[in-house]
There are 2 protein chains.
Amino acid sequence: MEMKRYTLGLDFGTESARSLLVDVQTGEVAEAVSMAYADGVIDSHLPGIATPLPPDFALQNPQDWLTTLEFTVRNALQKANIQPEQLIGIGIDFTASTILPARADGTPLCQAQRWRGHPDAWPKLWKHHAAQPQADRMIRVAEERRESWLKHYGGKISSEWLPAKALAMLEDAPEIYNESAIILEGADWVAWQLTGVLAHNACGAGYKGLWHKREGFPSREYLAALNPLFADLYEKLPGQVLPPGERLGGLNEEWARRLGLLEGTVISVPIIDAHSATLGAGVTRAGILFMIMGTSTCHMLMSEQEVFVRGISGVVEDGIARGLYGYEAGQAAVGDIFGWFVEHCVPSEYMKEAEARNLSIHDLLSEKASASLPGQSGLLALDWWNGNRTPLVDADLSGLFIGCTLTSKPEEMYRALIESTAFGTRWIIETFEIQGVPVNSIVAGGGLVKNNLLMQIYADITGREFTVSASPQVSALGAALLASVAAGSENGGYSNLQRAAACMVPKPVQTFQPNTQNKKTYDLLYNEYLRLGRYFSEDNHIMKTLAGLRKLS
Amino acid sequence: MEMKRYTLGLDFGTESARSLLVDVQTGEVAEAVSMAYADGVIDSHLPGIATPLPPDFALQNPQDWLTTLEFTVRNALQKANIQPEQLIGIGIDFTASTILPARADGTPLCQAQRWRGHPDAWPKLWKHHAAQPQADRMIRVAEERRESWLKHYGGKISSEWLPAKALAMLEDAPEIYNESAIILEGADWVAWQLTGVLAHNACGAGYKGLWHKREGFPSREYLAALNPLFADLYEKLPGQVLPPGERLGGLNEEWARRLGLLEGTVISVPIIDAHSATLGAGVTRAGILFMIMGTSTCHMLMSEQEVFVRGISGVVEDGIARGLYGYEAGQAAVGDIFGWFVEHCVPSEYMKEAEARNLSIHDLLSEKASASLPGQSGLLALDWWNGNRTPLVDADLSGLFIGCTLTSKPEEMYRALIESTAFGTRWIIETFEIQGVPVNSIVAGGGLVKNNLLMQIYADITGREFTVSASPQVSALGAALLASVAAGSENGGYSNLQRAAACMVPKPVQTFQPNTQNKKTYDLLYNEYLRLGRYFSEDNHIMKTLAGLRKLS
């Protein structure tokens, strides 16, 4: 019998990392091991330092990435009892833009004694939003200079992206900017640690770094117009840009030892987690919208055309799968909103009931919310608790509840929040379609697909069938797929992604069909949602005023 | 030594009733006894009947009024060890419009076996809002017919008022309307029980019954235009209208026995609770705004002029004190909003902390909220959880939260709710002043004045000094004042309210001064509040749509 071969998908999320060990031939998962980051999301103060962080800061500790990497890989291999030679490749997916400043030798500045107390020396997580003023200015200057590349990004630049975060670093903490030899994505930093090879993954560069396959990066003149000292930004970037799934290099001696693997084991060029999930859900064709629904939701769609869609965060050639233009849209908070709600707004009697019935509080609220009909609560929300990414690309927008009465119940507020995120998704689908990128079907993955009420609401509100991806770990599986392609067919892997997906991705088993009656009520509410959304993004700038006051104090 | 004389103020509130026994000469409180209504506010189902009530229903049980009356009066007299002949009068104040249908002999229809299962046979509490469609129609028809009296009520008729509730009864439950010989205020029903004398108190009739001292009630033609069967409404009302503080009659034999008092003890004509509180706070002059701040807030203001103020619920000659025009404005929910919040939106860890530190949850939230500055949370609310009474008079408006983020904390939401109610008060003050009714100073009473953070926020937001009334039971004290005037100086009482107040009302001891720095930030937020308020009452009718959906299901 032939030796079984495996690839390993390493998935670095917001709160934790995981290793997924997959049989390359069958797609069977041999082992999956997760581990939470010891420092989690650093948003109140730096580890061991009492000083509160400025508002909108959200950091991570790079040591957490390496610790979880080592622990989960070793554990997965050991539990599955796999020999080093059976592992033909490792793929990496990561949140983005999660960026850090480093020395030329790769040392993160936050690990230098001198800088560890400085918040700007630490990796800034994707949802770090302090660079909003810089993002606003980058858009304004690009508009003034009529920069042609602005249309690639729907006319907007997000405060979450590397260039906005780097400009904020230069302006708010010039000592850190000057001290950093390299500013790079966390994904590329981890891959660099493993291989000794420094590269910028094309997915991160394309979607979050203003890079275009044929046009490259924006000009030095544009950067200088933002700030004369910013013109040298590209000298601080990793240099070469490589497409995900290409072989980045081999595992170096140090990490081979730490992981108990062979030196030279193939490491593929990393990919952003949401894009990886698209592949892990088996989506490799045009016209299928893939939604990865978790703390936030990313919407991935491929097309044979390069269309510049207003309000869509990015379109990148080969960004998800080779030969297709990959479009990315997103909702900046989804599960995070429900998490905020259960943490801050659920009374103790509900907690007691959930405990007594051995339910999660989310399950209890969903059960109670299932008892009511669309519209029955008279509540409507704008799902902007973490700003609006698509189509407005504005982190300073904020959440809104309307229709509150003295009889509004927690489960009704919870349901209104779920509905608001579904309205947000419908707005994104319509944004694509109106501008000529068709959405023929929808596949969903991520943690939220386990909530039946939520999935039914999404189907009812969009009026579309939702197919649920069968893999519970789509991002990690996508990374394992890329590793199998990077290893290549000559080493027991695959020559392309389509072949890899056909063998390694499990077939979906669950779909949600829209209910026509519910859709009618939701059409009415959606119109109200859109009207509010337009009013508070175009006509009334109260959310900007409130965000300004919040930051002032 | 002369025999001490006392009057008793009977205060019927939303959740409970109380008896306040007051020394007529000194104002010293001899005893105060409270008792909650056994059935409380009936808003989910009738006592002993599982069928849910329709939306917007809020009922009371008349048996609760009598039970609490008997218990608290007997208890107060006994504890204070007062002889029957020392009690020279009883005054009554009551929520309004809290109305009930009764037989000619005074039996409430809900106590008839045949009707007890019918929700419309029960007393409808002031905050029962199911008559909104009728109120809307009453305004429209009055406008069409150019009824001159509409201006007395700021151009609006509230769904809380007797005529709107009676019209809804006719149209939604004609069998109850036809069966009822009398439709009357709870206040007048209780006074009728005690004395055998049936009258309509001028305060209720004037503020909540479309009655005017010189012009009387609206014409039969107007009523017939609403509904031909409604033309006979006035035949169902008590007939004579008497001013509060006048002697209604003497305690009848049955109730003298039940209460252990002398037959013939003076009972004064009742008054609405908020109007009574004005007197109990010592406010008997023009230009002093009195706010009674509890579950809802009433704003009472007197003037020597009769001005028809747009958006002000009513102006009634002699409505509060003789010789002055009494203006009433209101916020339909204040403490009720904070109550809703702590019931539905406070996480268990806060409850545990409050318990461990032996604080009320309101005190804990206020303490935490005190730590932040105005605007710091970036949250703003519209305080319309129970609609807007002044200046919009619309029960279908609903509450709104804006500025929510993933870091919004419960104490920040709580503070935003307090601020929203203070913005609502500022809007009312400006509505008065812009239209020519000056507000020279402010006196506050009611349960909420104990909250220092809240009072400071009110001072900061309005930019005015707030004087806190020294009596903790202003409504009941006002009723005791009226009883002393009804008894008259010849029986040891007083010849007029001013003399009674000078002797019986304690001097205020606490004031809150506005902080200029806070006022500046709040001016900015108030402008945003006003803009939202105008938008959602004039330009965007989403709240009506949501209320419609809520009622549909």
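Being a predicted model, the structure only gives us computed values, none of them experimental.

With respect to the sheet that holds strand β17 (residues 399-404) of chain A
Thought 1: Read across the sheet, four strands follow the order β16(A)-β17(A)-β17(B)-β16(B) without closing on themselves; strand pairing throughout is antiparallel. Looking along the sheet, the strands with just one partner apiece sit at the ends: β16 (380-382) of chain A together with β16 (380-382) of chain B. On average, each strand axis in the sheet is inclined to that of its neighbour by 10°, with strand direction left out of account.
Thought 2: Along the sheet, helix α13 (residues 410-434) of chain A contacts β16 and β17 of chain A; its crossing angle with β16 of chain A, the most-contacted strand, is approximately 50°.
Thought 3: Across the sheet, helix α17 (residues 516-539) of chain A lies against β16 and β17 of chain A together with β17 (399-404) of chain B, angled at about 40° from β16 of chain A, the strand it touches most.

Notes on the interface of chain B and chain A
Thought 1: In this assembly, 51 residues from chain B lie in contact with 51 residues from chain A.
Thought 2: Overall, the association of chain B and chain A removes approximately 4,400 Å² of surface from exposure, summing both partners, and the carbon and sulfur fraction of that is 66%.
Thought 3: Linking chain B with chain A are zero salt bridges.
Thought 4: Put simply, chain B and chain A have 15 residue pairs in polar contact (both at pLDDT 80 or more) between them.
Thought 5: Breaking the side of chain B that touches chain A down by element, the ones donating at least two residues are α11 (335-344), α12 (348-356), β17, α14 (410-434), α18 (516-539) and α19 (542-552) of chain B.
Thought 6: Sorting elements by how many residues they give to the side of chain B that touches chain A places α18 of chain B first, with nine residues.
Thought 7: Grouping the constituent residues of the side of chain B that touches chain A by class yields 26 nonpolar, 18 polar and seven charged.

Let's talk about the pattern of salt bridges
Residue and element names in this part refer to chain A.
Thought 1: Applying the stated criterion across every chain, the model contains 62 salt bridges over all chains.
Thought 2: A salt bridge links R357 to E367, with the nearest nitrogen and oxygen atoms 2.8 Å apart. One end of the pair, R357, is in the loop between α11 (348-356) and α12 (361-370); the other, E367, is in helix α12, with 10 residues separating them in the sequence.
Thought 3: Residue classification places R357 among the partly exposed positions, given a relative accessible area of 39%.
Thought 4: Members of the salt-bridge network, linked through shared partners, are D56, D394, D396, K544, R550 and K551.

Some thoughts on the nonpolar core
Thought 1: Core analysis: the biggest nonpolar cluster contains 152 residues, and I402, F432 and F536 of chain A together with I402, F432 and F536 of chain B have the highest contact counts within it.
Thought 2: I402 of chain B has contacts with G399, L400, F536, I542, M543 and L546 of chain A together with G378, L379, L380 and L532 of chain B, leaving out every residue within four places of it along the chain.

Some details on the side chain of D273 of chain A
Thought 1: Mapped onto the elements of the fold, D273 of chain A is located in helix α9 (residues 273-280).
Thought 2: D273 of chain A has contacts with D11, F12, D93, F94, T95 and S475 of chain A, leaving out every residue within four places of it along the chain.

Considering the packing of helix α2 (residues 132-144) of chain A against helix α3 (residues 162-172) of chain A
Packed helices, taken two at a time, are described by their axes: the angle between them and the distance between them.
All names here are of chain A.
Thought 1: It is at 8 Å that the axes of α2 and α3 come closest, and there the two elements cross at 115°. In terms of orientation, α2 and α3 fall into the roughly perpendicular class. For the pair α2 and α3, the sense of crossing is right-handed. Of α3, the residues touching α2 (which contributes Q134, A135, R137 and M138) are P163, A164, L167, A168, E171 and D172.
Thought 2: Taken together, the residues of the contact of α2 with α3 break down into six nonpolar, one polar and three charged.

Digging into the relation of the copies chain B and chain A
Thought 1: It takes a turn of 180° to lay chain B on chain A, together with a shift of 0.1 Å along the axis; the resulting RMSD is 0.1 Å. Accordingly, the operation relating the two chain copies is best matched by a two-fold axis.
Thought 2: Taken together, the interface assignments show that 100% of the residues at the interface of chain B recur at the interface of chain A, consistent with an identical surface on both copies.

A short note on the domain arrangement of chain A
All names here are of chain A.
Thought 1: In terms of domains, chain A is made up of domain 1 (6-282 + 471-504) and domain 2 (331-468 + 515-552).
Thought 2: The C-alpha centroid of domain 2 is placed 29 Å from the C-alpha centroid of domain 1.
Thought 3: Contacts between the two partners involve 14 residues from domain 1 and, on the opposite side, 14 residues from domain 2.
Thought 4: For the pairing of domain 1 and domain 2, the buried interface totals around 1,100 Å² over both sides, and the portion due to carbon and sulfur atoms is 50%.
Thought 5: Considering only the side of domain 1, the residues that lose the most area to domain 2 are H129, Q132 and K156, jointly responsible for 38% of the buried surface there.

Considerations on the packing of α12 of chain A against α13 of chain A
Residue and element names in this part refer to chain A.
Thought 1: It is at 8 Å that the axes of α12 and α13 come closest, and there the two elements cross at 95°. Relative to α13, the element α12 lies roughly perpendicular. Side by side, α12 and α13 meet where H362, L365, S366, K368, A369 and S370 of the first sit next to P410, E411, Y414 and R415 of the second.
Thought 2: Here the residues of the contact of α12 with α13 are counted per class, giving four nonpolar, three polar and three charged.

Description of the packing of aromatic side chains
Thought 1: Following the criterion strictly, the structure yields 42 aromatic pairs over all chains and no others.
Thought 2: With 6.5 Å between their ring centres and 50° between their planes, W340 of chain A and F341 of chain A make a pair best called tilted. The exposure classification of W340 of chain A matches that of F341 of chain A, with both residues buried.
Thought 3: Look at F423 of chain A and Y526 of chain A: their rings are 6.1 Å apart centre to centre, the planes differ by 35°, and that puts the pair in the tilted class. Taken as a pair, F423 of chain A in helix α13 and Y526 of chain A in helix α17 lie far apart in primary sequence, 103 residues in all.
Thought 4: Following the ring pairs from residue to residue traces out a cluster consisting of F338, W340, F341, W385, F401 and Y414 of chain A.
Thought 5: One Lys or Arg, R258 of chain B, reaches over the ring of W255 of chain B and ends 3.9 Å from the middle of that ring.
Thought 6: In this structure, K368 of chain B packs its charged tip against the face of Y350 of chain B, placed 5.0 Å from the ring centre.

Observations concerning the state of the cysteines
Thought 1: All told, the structure shown has zero disulfides over all chains when counted by the stated rule.
Thought 2: No disulfide involves C203 of chain A; its sulfur sits 9.9 Å from that of C298 of chain A, the nearest cysteine.

Some thoughts on the environment of E179 of chain B
Residues and elements named next belong to chain B.
Thought 1: Turning to its location among the elements, E179 is positioned in helix α4 (residues 174-179).
Thought 2: Sequence spacing of E179 and R103 is 76 residues, and the spatial spacing of their C-alpha atoms is 7.6 Å.
Thought 3: With residues near it in sequence (within four places) discarded, E179 still touches R103, L109 and W115.

Examining unusual backbone geometry
Thought 1: Cis geometry marks the peptide bond from T390 of chain A to P391 of chain A, where omega comes out at 5°.
Thought 2: Phi is positive for R146 of chain B, close to 50°, though the residue is something other than glycine.
Thought 3: The topology assignment puts R146 of chain B in the loop between α2 (132-144) and α3 (162-172).

Scoring rules and cut-offs
Counting starts from 1 at the beginning of each chain's written sequence and moves along it residue by residue. The lettering of chains begins at A and the numbering of ligands begins at 1, in the order of writing. Only residues with pLDDT of at least 70 are given local features in this predicted model, and only at 80 or more are side-chain atom pairs given and counted; all residues enter the totals for whole chains, interfaces and linings. Computation of side-chain values covers all heavy atoms of the structure but excludes hydrogens and water. Here the rule is simple: two strands pair whenever DSSP picks up at least two bridges between them. Numbering of helices and strands starts at the N terminus; helices are DSSP runs of H or I of at least 4 residues and strands are runs of E of at least 2. Only C-alpha atoms enter the line fits that serve as axes; for helices the fit covers just the stretch in contact. Angles between N-to-C directions range over 0 to 180 degrees. Residue contacts are counted whenever heavy atoms from the two residues lie within 4.5 Å of one another. What counts as buried area is the accessible surface, traced by a 1.4 Å probe, that two parts surrender upon association, with contributions from both included. By definition here, a salt bridge exists when the distance from a side-chain nitrogen of Lys or Arg to a carboxyl oxygen of Asp or Glu is within 4 Å. Whenever a nitrogen or oxygen atom comes within 3.5 Å of another N or O atom, the pair is scored as a polar contact, on the condition that within protein one atom can donate a hydrogen and the other can accept it, and that pairs from neighbouring residues in sequence are kept only if both atoms are in side chains. Note that Gly is not counted as nonpolar here; it falls among the polar residues with everything else outside the nonpolar set of Ala, Val, Leu, Ile, Met, Phe, Trp, Tyr, Cys and Pro and the charged set of Asp, Glu, Lys and Arg. With a 1.4 Å probe rolled over the protein chains alone, any residue whose accessible area is under 20% of its type maximum counts as buried; one over 50% counts as exposed, and the rest are partly exposed. Definition used in this section: a nonpolar core is a set of buried Ala, Val, Leu, Ile, Met, Phe, Trp, Tyr and Cys residues joined via side-chain atoms within 4.5 Å. The labels follow the angle: roughly parallel below 35 degrees, roughly antiparallel above 145, roughly perpendicular from 65 to 115, and oblique for the rest. A clockwise turn of the near helix away from the far one marks a right-handed crossing, whereas an anticlockwise turn of less than a right angle marks a left-handed crossing. Fitting of the copies onto one another was done by least squares over C-alpha atoms, counting residues only where both copies have pLDDT of at least 70. These domain boundaries are the output of an automatic or database domain assignment. The criterion for an aromatic pair is that two Phe, Tyr or Trp rings (for Trp, the six-membered ring) have centres within 6.5 Å, with stacked assigned to planes under 30 degrees apart, edge-to-face to planes over 60 apart and tilted to the rest. To sit over a ring, a charge needs its Lys NZ or Arg CZ within 6 Å of the ring centre and within 35 degrees of the ring normal. Note on terminology: pairs of cysteine sulfur atoms within 2.5 Å are recorded as disulfides.

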